[in-house]
Amino acid sequence: MSQCSFTELGVAEPLLRALRAENYAHPTPIQDQAIPQLLAGKDLLGIAQTGTGKTAAFALPILQHLSAGRPGENGTYGGKRESGGRNRRRSTPRVLPRALILAPTRELAIQIGESFRAYGRRLPLRHTVILGGVGQNPQVRALSNGVDILVATPGRLLDLKEQGHVRLNQISHLVLDEADLMLDMGFLRDVRKIMASLPAKRQTMLFSATMPSDVSRLAREILNDPVRVEVSPRVITVEQVDQRVFFTDASNKRSLLTHLLQDADMSRVIVFVRTKRGASRLAEQLGKAGFPTEAIHGNKTQNARQSALANFRNGRARLLVATDVAARGIDISGVSHVINYELPNIPESYVHRVGRTARAGAEGIALSFCDSSERTFLRDIERVTKRPITIVENHLHQCTTTPRGQMPSGPSPSGRSAPKRRDASGPSRPGSRRSGSDGNVPKRQISPGGSTSNGSKPEYPGFSGERTAPGGAVPSVPRKRRKRRSRYRVSAAR
Ligand code: AMP
């Protein structure tokens, strides 16, 4: 947190009162850096993850500008009114939107909408959230009543625009939130179409947790002489999270999970899987095994997703089985553990998953289950996070298969030379490339009796040892960029 105050950043009184009501004593670093620049009207490139306070960083200046009537200063409370008064056509809204916030997922859009409600509660500005998965009529009604601020997922916004329910020709403030996920989800075309209908003269803000080349290219296209604000380090780290990996077989993962869940400390757990069907199946199986579980994924209706989240938040469900796309951006406090039941093939997704625990400065625990087909994913993850993940050894569901070219410990008995690119998650092999420590990372051992060398108890039932993967990441090997593909169906957020 910054030592300076929101007043010093230039935030005006009605907003200050709302911030006091939210108990925001000081700005977060992204707010500290972004708010004065945005109040001055600059475009902004913000490299920040969810959880940094980035929503307030863009929402407060937008609310302040709109309530001051800038830049379309021709209506009451700054709202741009259509001419025509009483004789206006029924479909013509009284107030046209002047701020548009595009978010990749429905949950994130809802959260942003809630933030605008909270921060703008003392201002006579209206906002609405446009998203798929629910009927469009209430959204059409809200639009025709007139809104100042639109928070939207791209697919539904485009649908409504094409049906003539929304006009974007008065937009003076545009935010592209979670731009990296937006492109991952295949929304680039929709975003471009939306951009084409916006006035050229506007203030534009782009926020992204990571800055791959396609996001940089988009930023160059849409931002005008932007200020760059970066609050997460360029190399993504997840330092506050205690990260461990269990090498196991795919067929043993469920038994491993239910075994670990006997630990009552695992009180609020998000379990990540890769597919929607896998999420439903696992949630059902865990439910049958007696663990109160909810699932959240793109095939669920919006109402089902909201009710699953509510049950998880209020503690009725101990487990939330989620896919990446559904869980990204959601803010749930008090998550005790994140379990990567299946490792993601995109390292950044791992960072986002793990970031669900250890929120707001708390420490968290992330456990990953890695079968033989996922070792490459693990290696990529360690290379990006530049942090070795502690291997849990001698647990009850140890993998029985040895991945090709890799051994659970020591060099290959066949004497075959080690593969060129070391599995960063894997154990030490002579001659393999190492990071700065050169592999001499001391092993943290747990004795068979169950206590560590410093006398503490192991945290998890079912295993008697652990060790830290030597060397961890392989920074000396340049990371070959994986071709970014649209990995999710575009319909996910429609
Ligand atoms: P965001 O990154 O915008 O999703 O924000 C993450 C969480 O931080 C939300 O729960 C916000 O309510 C909270 N938050 C944002 N700004 C502040 C602040 N200045 N002080 C305390 N909490 C904040």
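Refer to the structure above for everything that follows.
Residues numbered from 1 in each chain as written. Predicted model: local features only at pLDDT ≥ 70, side-chain atom pairs only at ≥ 80, totals over all residues. Heavy atoms only, no water.

**Let's talk about the overall build of the protein**
This is how it is decided: What counts as a helix is a DSSP run of H or I of at least four residues, what counts as a strand is a run of E of at least two, and both are numbered from the N terminus. Categorising residues by exposure relies on relative accessible area from a 1.4 Å probe, with only protein chains included: less than 20% of the type maximum marks a residue as buried, more than 50% marks it as exposed, and the intermediate range marks it as partly exposed. Residues are treated as being in contact if the distance between any of their heavy atoms lies within 4.5 Å.
From N to C terminus, the protein includes 16 helices and 15 strands. Evaluated residue by residue, the protein yields a buried proportion of 55% over its 494 residues. The contacts in the protein between residues at least 6 apart in sequence include a share of 77% that link residues at least 24 apart.

**Let's talk about the site of the ligand**
Stated precisely, the cut-off is as follows: By convention in these notes, a residue is near a molecule or strand provided one of its non-hydrogen atoms lies within 4 Å of it. Nitrogen and oxygen atoms within 3.5 Å of one another constitute a polar contact, given that in protein one can donate a hydrogen and the other can accept it, and given that sequence-neighbouring residues count only through two side-chain atoms. To be clear on the numbers: accessible area is Shrake-Rupley with a 1.4 Å probe, and residue cover counts the displayed protein chains and nothing else. Each residue receives one of three labels: charged for Asp, Glu, Lys and Arg, nonpolar for Ala, Val, Leu, Ile, Met, Phe, Trp, Tyr, Cys and Pro, and polar for the others, Gly being one of them.
Within the structure, the ligand sits among 14 residues, and Y24, Q31, G51, G53 and T55 are positioned closest to it. Interatomic distance of 3.1 Å between a backbone N/O atom of T52 and an oxygen atom of the ligand. Between the ligand and T55 there is a distance of 2.6 Å, counted from an oxygen atom to a side-chain nitrogen or oxygen. In isolation the ligand exposes 500 Å². Once the protein is present, 77% of that is buried. When the residues that make up the shell around the ligand are grouped by side-chain class, the tally is 4 nonpolar, 8 polar and 2 charged.

**Thoughts on the packing of helix α5 (residues 106-119) against helix α13 (residues 302-313)**
Quick note on the threshold: All axes here are fitted lines through C-alpha atoms, helices being fitted over the stretch that makes contact, and every angle between N-to-C directions spans 0 to 180 degrees. Oblique is the label for any angle not covered by the other classes, which are roughly parallel (under 35 degrees), roughly antiparallel (over 145) and roughly perpendicular (65 to 115). Take the far helix as your reference; a near helix turned counterclockwise from it by less than a right angle gives a left-handed crossing, and one turned clockwise gives a right-handed crossing.
One way to put it is that α5 packs onto α13 with a least axis distance of 11 Å and a crossing angle of 70°. Taken as axis vectors, α5 and α13 run roughly perpendicular relative to one another. For the crossing formed where α5 meets α13, the hand is right-handed. Facing α5, whose interface residues are R106, E107, I110 and Q111, α13 presents Q302, R305, Q306, L309 and R313. Of the residues that constitute the contact of α5 with α13, the class distribution is 2 nonpolar, 3 polar and 4 charged.

**Here's the deal with the environment of I389**
By secondary structure assignment, the location of I389 is in the loop between α16 (375-385) and β14 (390-395). Separated by 146 residues in the primary sequence, I389 and Q243 have C-alpha atoms spaced 5.6 Å apart.

**Details of the pairing of strand β2 (residues 99-102)**
What counts is decided by this rule: Strands pair, by our definition, only if DSSP identifies at least two bridges between them.
Across the two faces of β2 the burial is the same, with A99 and I101 and L100 and L102 all buried. With 4 bridges joining them, β2 and strand β4 (residues 149-152) adopt parallel strand pairing. Following the sheet pairing, L102 is matched in β4 by A152.

**Re the packing of aromatic side chains**
Here is the rule we go by: Stacked, tilted and edge-to-face are the three classes applied to pairs of Phe, Tyr and Trp rings, where Trp contributes its six-membered ring and a pair requires centres within 6.5 Å; stacked means planes under 30 degrees apart, edge-to-face means over 60, and tilted covers the rest.
Applying the stated rule across the entire model yields 5 aromatic pairs. Arranged with centres 5.9 Å apart and planes meeting at 80°, the rings of F246 and F369 form a pair that is edge-to-face. Taken together, the residues F246 in strand β8 (residues 241-247) and F369 in strand β13 (residues 364-370) connect sequence positions 123 residues apart. F369 sits in the buried class, given a relative accessible area of 0%. Pairing Y341 with F369 gives two aromatic rings, centres 5.9 Å apart and planes at 55°, and the pair type is tilted. Placement of the pair is Y341 in the loop between β12 (337-340) and α15 (347-354) and F369 in strand β13, with a sequence separation of 28 residues. An aromatic cluster of at least three residues, connected via ring pairs, comprises F58, F116 and F207.

**Regarding the sheet that holds strand β5 (residues 173-176)**
Across a sheet, paired strands are connected by hydrogen bonds in the backbone, their directions being either parallel or antiparallel. Spatially, 7 strands are ordered β3-β4-β2-β5-β6-β1-β7 in an open sheet, and the strand pairing comes out parallel. Here the strands that pair on one side only, and so sit at the sheet edges, are β3 (127-130) and β7 (227-230). Neighbouring strand axes in the sheet, compared pairwise and without regard to direction, differ in orientation by 15° on average. Bridge count between β5 and strand β6 (residues 203-208): 4 bridges; the pairing is parallel. Bridge pairing in β6 places L174 opposite T204.

**Topic: unusual backbone geometry**
Although it is not a glycine, N23 sits at a positive phi angle of roughly 65°. Its place among the elements puts N23 in the loop between α2 (13-21) and α3 (29-39). By relative accessible area, N23 is classed as exposed at 68%. Despite not being glycine, N394 shows a phi value in the positive range, around 55°. Inspection of the secondary structure assignment puts N394 in strand β14. In this structure N394 comes out as partly exposed when scored by relative accessible area, which is 49%.

**Here's the deal with helix α9 (residues 188-196)**
To keep it simple, the criterion reads: Directions drawn from the helix axis to the C-beta atoms are what define this arc.
Of the positions making up α9, those classed as buried are D190, V191, I194 and M195. Mapping the buried residues of α9 onto a view down its axis gives an arc of 135°, with all of them on the same face. In α9, those exposed residues whose orientation departs by more than 90 degrees from the buried face are R189 and A196. Among the structural elements, β2, α7 (154-162), β5, α8 (179-184) and α10 (213-222) are those in contact with the buried residues of α9.

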